[in-house]
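Listed below are the residues making up each chain.
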Amino acid sequence: MRKFDTKVQHLKYKVLREVARQAWNDTLLENVLDIPQIIVPGKTPTMRCCVYKERAILTERVKIAMGGNQEDDNIIEVIDIACDECPAAGYEVTDSCRGCLAHRCEDVCKRGAITFDANHVAHIDKEKCVECGQCAKVCPYTAIVNRKRPCQNACKIKAIEIKENGAAKIDKEKCTSCGACVYQCPFGAISDKSYILNAIDILKKSEHNKKSKVYAVVAPSISSQFRYAKLGQVISGLKALGFYTVVEAALGADMVAMEESKELVEKGFLTSSCCPAFVSYIKSSFPELIPYISHNLSPMAAISKYIKDTTPDAKVIFIGPCTAKKKEVQLESVRPYVDTVLTFEELQALFDSRDIDITTLGEDVLDNASYYGRIFARCGGLSDAVAEALKEQNIDDFTLKGISCDGIEACRSALMKKSKNLLDVNFIEGMACTGGCIGGAGCLTHGEKNKLEVDKYGMQAYEKTIEDAVSVLSLNKQKEE
């Protein structure tokens, strides 16, 4: 079974795996310049004009795999030298133009950007065009098309511009670090910074300091990943890497569901705080709704705080599908609890950098959270959990009227309507990625099957209530105290 959806992901993985392998062996600094040669040997076919350009691009990929530009706190980076194969963006007249007499495109253009040659074929002046798209709408032959780049199509909040040199540029003020552009770029010219070296450093130090316990907090969407193996084997693989134990972020989701339901009743209207890209989008585009963002930590941060509060010298590494989590851990409210973040792509690279074949391992157990905590991984799961939390707490005098927003476009629509008092809801669940966390850019695989796997995983704990899961944490904390 294929481990990745695309060959771009596989190339990214190979760079991460080699960087990690050298880091484990303490040979990274002396061999860093040789990594492109290792990945693309001299006679290997290349998609670029020559092997030398391919290696130059790989050198940039290595830098991002090692943490990228440390002076830039943005998580998403563009490799300019790799971003040169896409056609110029904007509206263009295709060969379908028949040179008709109507000239509706000319009439509708308020900027005078459309002219005709001797054969009556239309041409667009890029200097005058503002890309309103009116000409494309009125053309009877649909001869005018919008040549948007894949990254621009992927970025629904319009945080990507095109520089004069033709390379993409990310607007840091708008970017939510969701990684949609990373997954959709056909050339891998846009990538998320990796903190795989931070994780390796934490794990190596724990080998020498037995008091330091490294916890892997895994997102519930892990149940839909690593399909070539069993979930219990993935857990065994994490312990083989040096993790002390593995904890479900879904436990944090149970905690959040309980607290968020109480906050909702208290305030009367709330937007969820679990998806960092959604929260970032509210702050940048709908500042008037900031007071209504749930004050609860995300499930990742909530369970990590619990670990740090109950275990002295603990280190926490979150592993999930989300590139925006790498941005979230920079927040002052989260930084003390989560030491670094890995994606599922990076976890696969870690396994293979240590030659750990998880399919040969026995199955360990990951059994803590409730059904409702586990289904946070897909769109609608959070709303279901909040409804269940209200029920379990016997809050009968409050009626939940929620909306689950699947993808950032649905989020924008709901937030826009609510900001204008045109939406009769008291809870907005926002998921920036289509499908929810199971559609995150750091996933190995994407698709409808992921939702089915998450629901199946949730059903394994269906007999356990949210209160059951949270009460176990409370008892453990009392014992520690």
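The structure we're discussing is the one just above.
Residues numbered from 1 in each chain as written. Predicted model: local features only at pLDDT ≥ 70, side-chain atom pairs only at ≥ 80, totals over all residues. Heavy atoms only, no water.

Visitor: What exactly am I supposed to notice about the environment of tyrosine 306 here?
Guide: Residue position: tyrosine 306 is located in helix H13 (residues 299–310). Residue tyrosine 306 is classed as buried on the basis of its relative accessible area of 13%. (Helix = DSSP H or I, 4+ residues; strand = E, 2+ residues; numbered from the N terminus. Buried < 20%, exposed > 50% of the residue type's maximum accessible area, 1.4 Å probe, protein only.)

Visitor: Mind showing me how you'd approach the pattern of salt bridges here?
Guide: Where charged atoms from two side chains of opposite charge approach closely, those side chains can pair. Enumeration according to the criterion identifies 30 salt bridges in this entry. Lysine 262 is paired through a salt bridge with glutamate 259; the nearest N and O atoms lie 3.5 Å apart. Linking lysine 262 with glutamate 259, this pair stays in helix H11 (residues 249–267), spanning three residues, or about one helical turn. Look at glutamate 259 and you get partly exposed, because its relative accessible area is 38%. (Salt bridge = Lys/Arg side-chain N within 4 Å of Asp/Glu carboxyl O.)

Visitor: Please explain helix H12 (residues 276–285) as it appears in this structure.
Guide: Since the α-helix turns once every 3.6 residues, residues separated by three or four places project in the same direction. Residues of H12 that are buried include every one of Pro276, Ala277, Phe278, Val279, Tyr281 and Ile282, and no others. Packing partners of the buried residues in H12 comprise strand E11 (270–271), helix H14 (324–328), helix H18 (408–419) and strand E15 (427–431). (Contact = heavy atoms within 4.5 Å.)

Visitor: I would appreciate a short explanation of the packing of aromatic side chains in the present structure.
Guide: What characterises a pair of aromatic rings is the spacing of the ring centres plus the angle enclosed by the ring planes. Under the definition given, this model contains seven aromatic pairs. Pairing phenylalanine 269 with tyrosine 292 gives two aromatic rings, centres 5.3 Å apart and planes at 55°, and the pair type is tilted. One end of the pair, phenylalanine 269, is in the loop between H11 and E11; the other, tyrosine 292, is in the loop between H12 and H13, and 23 residues separate them in sequence. Note on phenylalanine 269: relative accessible area 8%, which makes it buried. Residue classification places tyrosine 292 among the partly exposed positions, given a relative accessible area of 35%. The lysine or arginine in question, lysine 3, covers the ring of tyrosine 228, its NZ or CZ lying 5.0 Å from the ring centre. Seen from the ring of phenylalanine 318, lysine 325 lies directly overhead, with NZ or CZ sitting 5.9 Å from the centre. (Phe/Tyr/Trp six-rings, centres within 6.5 Å; stacked < 30°, edge-to-face > 60°. Lys NZ or Arg CZ within 6 Å of the ring centre and 35° of its normal.)

Visitor: Please explain the layout of surface pockets as it appears in this structure.
Guide: Where empty space is left becomes clear once a probe the size of a water molecule has been rolled over the atoms. By volume, the largest pocket is sized at about 690 Å³. Surrounding the largest pocket, 29 residues form its lining, Pro276, Val279, Ser280, Lys283 and Leu331 being those nearest its centre. When residues of the lining of the largest pocket are traced back to their parent elements, those giving at least two are H12 and H14. The class makeup of the residues in the lining of the largest pocket is 11 nonpolar, 12 polar and six charged. The calculated volume of the second largest pocket comes to roughly 560 Å³. As for the second largest pocket, its lining consists of 29 residues, of which Ala432, Cys433, Thr434, Gly435 and Gly439 are closest to the centre. Those elements giving two or more residues to the lining of the second largest pocket turn out to be helix H8 (180–184), H18 and helix H19 (448–459). Grouping the constituent residues of the lining of the second largest pocket by class yields 13 nonpolar, 10 polar and six charged. (1 Å grid on protein atoms, 1.4 Å probe; cavity = no way out; pocket = protein on both sides within 12 Å on 5 of 7 lines; lining within 4 Å. Points joined across faces, edges and corners; volume = space filled by probe spheres on them. Nonpolar A, V, L, I, M, F, W, Y, C, P; charged D, E, K, R; others polar.)

Visitor: Even after reading the chapter, I still don't get a positive patch on the surface, so can you show me in this structure?
Guide: Residues Lys148, Lys156, Lys158 and Lys174 make up a contiguous surface patch of positive charge. Along the chain, the position of lysine 174 falls in the loop between strand E7 (168–170) and H8. Look at lysine 174 and you get partly exposed, because its relative accessible area is 37%. (Patch = residues over 30% accessible without salt bridge, like charges linked within 9 Å, V, L, I, M, F, W, Y side chains within 5 Å. Areas by Shrake-Rupley, 256 points an atom, 1.4 Å probe, with all protein chains shown as cover. Lys, Arg positive; Asp, Glu negative; His and termini not counted. Charge placed at Lys NZ, Arg CZ, Asp CG, Glu CD.)

Visitor: Help me understand the nonpolar core, please; the structure alone is not making it clear to me.
Guide: Generally speaking, a soluble globular protein has its nonpolar side chains buried in company with each other. Formed by 71 residues in total, the largest nonpolar core has its most connected members in Ile196, Phe226, Leu238, Phe243, Ile319 and Phe351. Considering each element in turn, this core owes the most residues, eight residues, to helix H1 (residues 7–24). Among all residues touching leucine 238, those that are not within four sequence positions of it are Ala216, Val218, Phe243, Val246, Ile319, Leu347 and Phe351. The next biggest cluster of nonpolar side chains, apart from the first, holds 43 residues, and it includes Ile75, Ile157, Cys275 and Cys405. (Core = buried A, V, L, I, M, F, W, Y, C linked by side-chain atoms within 4.5 Å.)

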